[in-house]
Amino acid sequence: SVGDNGTLCYAYNGEIYTQPAGGKPRKVVIDLTRDDAGQETIFHFTSGASDPAVSPDGKQIAFTVRGELFVTSVEYGTTKRVTETAATESDVTWGADNRTLVYASERTGNWQLYTAKIARKEEANFPNATLIEEEVLLPSKTVERAYPQYSPDGKELAFIEDRNRLMVLDLKTKKVRQVTDGSTWYN
């Protein structure tokens, strides 16, 4: 944008600059002060945790409480809330990389599988992650998917589809194959 006095203001390479007419650009120093900084949400649950899943390295435990997904460290007292939805999350399983979770959620009106991954490479675990990326696997408004379970090598994900078919997803190709005929319920 341009001011009345001819001064330019623009963004370049993720920064903001001003430049007087005929002058040199100056980077604008911006300090953000958050009024909520330092506030933590403290939960006190003495019961009701379910769906525990230990990470492959044994250093993290994922679990659900009141339908929300949490991950805690076994080495120190930090716990991270992974989901915050009005729906129920359950059936959590760990990827072989210790940085990926897959779980079922009812947030779209039917059970779907979601993946949560630690976004920043420099962050080693969920309890200390500052950014977690979440996405739905195989989105559908009519097909229900739940009970995910990674293969030991982490290359495939088994799950139950429509409450009675055992399916396997190849995570690289995204192809799904049916393992059972769907005539009975497998758990």
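For the structure, check the block above.
Residues numbered from 1 in each chain as written. Predicted model: local features only at pLDDT ≥ 70, side-chain atom pairs only at ≥ 80, totals over all residues. Heavy atoms only, no water.

### Notes on the pattern of salt bridges
Side chains carrying opposite charge are able to pair once their charged atoms draw close together. This model, assessed by the stated rule, comprises seven salt bridges. As a salt-bridge pair, Arg107 and Glu89 come within 2.8 Å of each other at their nearest N and O atoms. Here Glu89 lies in strand β8 (residues 89-94) and Arg107 lies in the loop between β9 (100-105) and β10 (112-118), a separation of 18 residues in the sequence. Among the ionic contacts, a cluster of salt bridges with common partners joins Arg145, Glu161, Asp162 and Arg165. (Salt bridge = Lys/Arg side-chain N within 4 Å of Asp/Glu carboxyl O. Helix = DSSP H or I, 4+ residues; strand = E, 2+ residues; numbered from the N terminus.)

### Details of the sheet that holds strand β12 (residues 145-150)
Taking strand neighbours across the sheet as the criterion, the four strands line up as β12-β13-β14-β15 in an open arrangement whose pairing is antiparallel. The outermost strands of the open sheet, each flanked by one partner alone, are β12 and β15 (176-178). Within the sheet, the average angular offset between the axes of one strand and its neighbour, ignoring direction, is 25 degrees. (Pairing = 2+ DSSP bridges. Axes fitted to C-alpha atoms, helices over the stretch in contact; angles between N-to-C directions.)

### Here we look at the sheet that holds β10
Read from one edge to the other, the open sheet built from four strands follows the order β8-β9-β10-β11, with strand pairing classed as antiparallel. Edge strands, defined here as strands with exactly one partner in the open sheet, are β8 and β11 (132-137). For this sheet the average axis-to-axis angle between neighbouring strands, irrespective of direction, equals 25 degrees. Here six bridges tie β10 to β11, and the two strands are oriented antiparallel to one another. Across the sheet, the residue bridging to Thr115 is Glu135, located in β11.

### Side note on the pairing of β12
Remark: a regular strand shows side chains that alternate across the two faces of the sheet. Bridging between β12 and strand β13 (residues 156-161) involves four bridges; their strand directions are antiparallel. Counterpart to Arg145 in the pairing with β13 is Glu161. As consecutive antiparallel partners, β12 and β13 are separated by five residues, and within that stretch Gly154 has a phi angle of approximately 75 degrees, a positive value.

### Considering the layout of surface pockets
In this structure, the second largest pocket occupies an estimated 230 Å³ of space. Counting only elements with at least two residues in the lining of the second largest pocket, the list comes to β9, β10 and β11. For the lining of the second largest pocket, a count of residues per class yields five nonpolar, four polar and five charged. (1 Å grid on protein atoms, 1.4 Å probe; cavity = no way out; pocket = protein on both sides within 12 Å on 5 of 7 lines; lining within 4 Å. Points joined across faces, edges and corners; volume = space filled by probe spheres on them. Nonpolar A, V, L, I, M, F, W, Y, C, P; charged D, E, K, R; others polar.)

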